[in-house]
Amino acid sequence: MKCRQCEAKAVINMRQHKLALCANHYIQWIVTQTQRFIEKYHMFTHQDRILVAVSGGKDSLSLWDILWQLGYLTEGLYIGLGIDGGVNYSSRSHQLCVQFAAQRNLNLISVNVPQTYGMSIPEIAAHTQRGKNKPCSVCGLTKRHIMNQVALEGNFDVLVTGHNLDDEVATLFGNTLNWNVGYLQRQRPLLLDNHPGLVRKAKPLCRFYEREMAAYALVRGIEYIYDECPYAEGSTSIYYKGLLNQLELDRPGAKLSFYLSFLQAKETGFFSKPINLEYGEENVGAGGETLYTCPKCGQPTTAKGLCSFCRMMEKISR
Ligand code: Q46
Ligand code: ZN
Ligand code: ZN
């Protein structure tokens, strides 16, 4: 198959867009599309300082690479979770992030959870008996807290993550199955900093399929960690992704249209009041709940008193 733009051999055929491109034109296409999404959802500008959360995986490193090519002011944030899983997961993923940043002369901020809090993520989960056999809820809570804290302390304007379309659609599918309205209201390409302890968050890759990001990393020669976190195995989101892949196989473009129709439904007032994708209300969570300030860390919480992260940390210091 040939590239739509030139005679070279195509490296990818995107059935949902009816578009086949060669390596050079594919890179150009991804970079230009990303810039379009950044503008469409008013995510950030070239004057903003951007903190890119990187895990060592293909999505987050590709995102950093794209923003770097687009000339944005970026720094990376790597959070070392202290997860080994027999494959040195954390140390290898850290190493790849360090190498990526050094190759492009970019700054990488690293926070090591075991060194900072005295315990790894699996140890905190075992100690606090949260999350049965998996440390994922502790992990998510800790990562959100650290990302927000580093972004605020470093005076960054926005925090960006490498969530791709498959991630967003799996979340959307799960929340729709359970009609989890609060989470559905919160799911957007951009979440505003509508509380003094909260940083603006954006997902510039939310409209790219996972395979498109894998292809991008490959043609750009980005070295990333192929292994998933060992705790990801058997997760509900991976199960949903399998179901949705089956759907996509039969109906190319189904995932993209599911996600885009959802965003459109939000803008036209499918939820009780129309949700503007760009703006939020002061001290009101995206799900409409009142936000209080945690007296210890200053980050928002939906109940008065310590936030969930600080409560968890109090438990492990006892
Ligand atoms: S939550 Fe769970 Fe992931 Fe944390 S423990 Fe691993 S699988 S990394 S996105
Ligand atoms: Zn071409
Ligand atoms: Zn707190």
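Remember, it's a predicted structure, so these values are computed and weren't measured experimentally.

1. Section: the site of ligand 1
Next up, step 1: Within the structure, ligand 1 sits among L81, I83, C136, C139, K143, C229, Y231 and A232.
Next up, step 2: Classifying every residue of the shell around ligand 1 gives 7 nonpolar, no polar and 1 charged.

2. Structural notes on helix α6 (residues 136–153)
Next up, step 1: Its 18 residues give α6 an end-to-end C-alpha distance of 25 Å, which sits within 8% of 26 Å, the value for a rise of 1.5 Å per residue.
Next up, step 2: Within α6, the full set of buried residues consists of V138, C139, G140, L141, T142, H145, I146, M147, N148, V150 and A151.
Next up, step 3: Positioned one or two residues after α6, N155 has a phi angle of 55°, which is positive.

3. Structural notes on a nonpolar patch on the surface
Next up, step 1: Together, W179, V181 and F270 give the surface a local cluster of nonpolar side chains, amounting to about 340 Å² of exposed area.
Next up, step 2: By the secondary structure assignment, V181 is in helix α8 (residues 181–186).
Next up, step 3: Overall, the relative accessible area of 37% leaves V181 in the partly exposed class.

4. Focus: the coordination of the zinc ion (ligand 3)
Next up, step 1: Those donors, C294 (SG), C297 (SG), C307 (SG) and C310 (SG), are the protein atoms that reach the zinc ion (ligand 3), and they lie 2.3 Å from it.
Next up, step 2: Taken together, the 4 donor atoms surrounding the zinc ion (ligand 3) define angles of 106 to 113° at the centre, an arrangement classified as tetrahedral.
Next up, step 3: In primary-sequence terms, the residues that donate to the zinc ion (ligand 3) follow C-x2-C-x9-C-x2-C. With C297 in the loop between β9 (292–293) and β10 (300–301) and C307 in the loop between β10 and α12 (308–317), this pair connects stretches of sequence that are 10 residues apart.
Next up, step 4: C297 gets classed as partly exposed once you look at its relative accessible area, which sits at 27%.

5. As for the coordination of the zinc ion (ligand 2)
Next up, step 1: Protein coordination of the zinc ion (ligand 2) is provided by C3 (SG), C6 (SG), C22 (SG) and H25 (ND1), with donor distances spanning 2.1 to 2.4 Å.
Next up, step 2: Around the zinc ion (ligand 2), the 4 donor atoms are arranged such that angles at the metal cover 100 to 113°; this shape is classified as tetrahedral.
Next up, step 3: Taken in sequence order, the residues that donate to the zinc ion (ligand 2) follow the motif C-x2-C-x15-C-x2-H.

6. Brief notes about the pairing of strand β3 (residues 49–54)
Next up, step 1: Here β3 lies mainly inside the structure; 5 of its 6 residues are buried.
Next up, step 2: In this fold, β3 hands off to helix α2 (residues 58–69), which returns the chain to strand β4 (residues 73–80); that crossover is right-handed.
Next up, step 3: As paired elements, β3 and strand β6 (residues 158–160) share 3 bridges and run parallel to each other. Note that in β6 the partner of L51 across the bridge is L159.

7. Looking at the nonpolar core
Next up, step 1: In this structure, Y26, F44, L67, V160 and Y216 are the most contacted members of the largest nonpolar core, which totals 57 residues.
Next up, step 2: The element that contributes the greatest number of residues to this core is helix α1 (residues 23–40), accounting for 7 residues.
Next up, step 3: Setting aside chain neighbours within four positions, we find Y26 in contact with V11, I12, M14, L21, E212, M213, A215, Y216 and V219.
Next up, step 4: Counting 33 residues, the second-largest nonpolar core is a separate cluster that includes A53, V138, V199 and C229.

Conventions we followed
- Residues numbered from 1 in each chain as written.
- Chains lettered and ligands numbered in written order.
- Predicted model: local features only at pLDDT ≥ 70, side-chain atom pairs only at ≥ 80, totals over all residues.
- Heavy atoms only, no water.
- Near = heavy atom within 4 Å.
- Nonpolar A, V, L, I, M, F, W, Y, C, P; charged D, E, K, R; others polar.
- Helix = DSSP H or I, 4+ residues; strand = E, 2+ residues; numbered from the N terminus.
- Expected span 1.5 Å × (residues − 1).
- Buried < 20%, exposed > 50% of the residue type's maximum accessible area, 1.4 Å probe, protein only.
- Patch = residues over 30% accessible without salt bridge, like charges linked within 9 Å, V, L, I, M, F, W, Y side chains within 5 Å.
- Areas by Shrake-Rupley, 256 points an atom, 1.4 Å probe, with all protein chains shown as cover.
- Salt bridge = Lys/Arg side-chain N within 4 Å of Asp/Glu carboxyl O.
- Donors = N, O, S within 2.8 Å, 3.2 Å for Na, K, Ca; no water.
- Tetrahedral: all angles 85-135°; square planar, octahedral: opposite > 155°, others 65-115°.
- Right-handed = clockwise from strand over helix to strand, strands pointing away.
- Pairing = 2+ DSSP bridges.
- Core = buried A, V, L, I, M, F, W, Y, C linked by side-chain atoms within 4.5 Å.
- Contact = heavy atoms within 4.5 Å.

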